[in-house]
Each structure stands twice: as C-alpha cells, then as structure tokens.
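So you can see what is in the structure, the chains are spelled out below.
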Amino acid sequence: MAWLVAGLGNPGREYARTRHNAGRMVVDVLAEGTGLKKVRFLPAEAADVRIAGEQVHLVASTRFMNESGPAYASFATKRGIDPDHVIAVHDELEVPPGELVVKLGGGSAGHNGLKSLTRALGTPAYHRVRVGIGRPPGRQDPADYVLQPLGAKSAADLEITVRRAAEAVVCLIEEGLDVTQQRFNRGAAGR
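What you see is a predicted model, and the numbers here were worked out from it, not measured in a lab. (Residues numbered from 1 in each chain as written. Predicted model: local features only at pLDDT ≥ 70, side-chain atom pairs only at ≥ 80, totals over all residues. Heavy atoms only, no water.)

Peer 1: How should I be thinking about helix α6 (residues 177-184) in this particular structure?
Peer 2: Each α-helix turn comprises 3.6 residues. Residues three or four places apart therefore point the same way. Three or more residues of α6 are buried, namely Leu 177, Thr 180 and Phe 184. The buried residues of α6 occupy an angular sector of 65 degrees when projected down its axis, which confines them to one face. Every exposed residue of α6 that faces more than 90 degrees away from the buried side is listed here: Asp 178 and Gln 182. Where α6 is buried, its residues meet β6 (100-104), β7 (127-132) and α5 (152-175). (Buried < 20%, exposed > 50% of the residue type's maximum accessible area, 1.4 Å probe, protein only. Helix = DSSP H or I, 4+ residues; strand = E, 2+ residues; numbered from the N terminus. Arc of directions from axis to C-beta. Contact = heavy atoms within 4.5 Å.)

In structure tokens form, the structure reads like this:
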C-alpha cells in the first residue's frame, strides 16, 4: 500500500518561513528535485516519490491549517490509502526546539491541523512526526509565536530540525515505527 505524507502548514508566502509551516517544509525537503504540483480537483499540491521501493505521495494542502484535513483525507481515499499509512508532519509546541517525537495515534494537543485531519479521516490512528518548536518566550501568545517570521538564527535552527524530520519520515517508511522512535524521538540515540 502507498503512503501519504501530509505536510501541515498554511499557504502563502507570508507563512512560508514560520514555525507553523514546519510540516510543509519537511514535505518540500522530501520533494527536492521533484517539486510539488497542483492536484486536480483538490485544494492540494503533491509529488510522488519512491522510498525503499514504496510509493509515497508528498502532499501539502493549499487551505489554511484548520481546514486542511478534508484535502488530505480525500487524497487518501482516492488512492486507497488507509489512515495507518498516513504520516502527518507538524509543528509541536510541547516538544523542545530541535527535538522530534514520532508516534502512532494520539490526541491533537490543541493543534488545529491535527483536529481537522482527525475529523476528516474519522480516526486519530495515523502516524505523526512532531517537529519541536517549543513554547513561546514569556507571555507571548502561542498563535503569534507560531506565525511570526523567523530571524536568521531561528530559521537556520529550524532548517536543521526539518531535515532530521525528513530523515525520520524516510526511516518510518523503510524501517517501521519502533526503529524510528528509537533513532529519532527526543532523548534517543542518533540525536
């Protein structure tokens, strides 16, 4: 069965280099050399690649995060992809910057992209690659924190984490959940 990698983020140039677009950035890294193209009849862009002999659809919704779930679910349904072969890649406030957590299932932790995806798929039983961005400093509103443009140092640090998250996606498809968690989850070897 094919895989779907859902790169959660917001469309538009003004959101391209924000923490909230970490998932979309991972899909862009995985699509390097191929590039995403508009999907007919769906508000999404996609690229098809092969990883370890498996067909992998890299998908980014062109709708805002809180309403992006139906695009991913429709893409999965049209291609016969079950939820356990969906990998949602997203930013995570509860994970320290630079760290990753890979898991199967779970709640949304208030993440509107995950809420939308879970509703659209009808189940929370899909894989997640949680890209750590940490909590905002001081009393800054989390919504402002995740959507503010990144400075040069923060952007460079996030780029390193995004590339590790792309490696985690490849590992998940090639070697499965247990190996990926041991290798990439925060505090794990291989950090």
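Peer 1: Is there a simple way to explain helix α3 (residues 112-121) in this structure?
Peer 2: Residues of α3 that are buried include every one of Gly 113, Leu 114, Ser 116, Leu 117 and Leu 121, and no others. Considered in projection along α3, the buried side chains sweep an arc of 160 degrees and stay on one side of the axis. Those residues of α3 that are buried lie in contact with α2 (69-78), β5 (86-92) and β7. Trailing α3 by a residue or two, Gly 122 shows a phi angle of about 80 degrees, which is positive.

Purely spatial values, then, with no claim about function.
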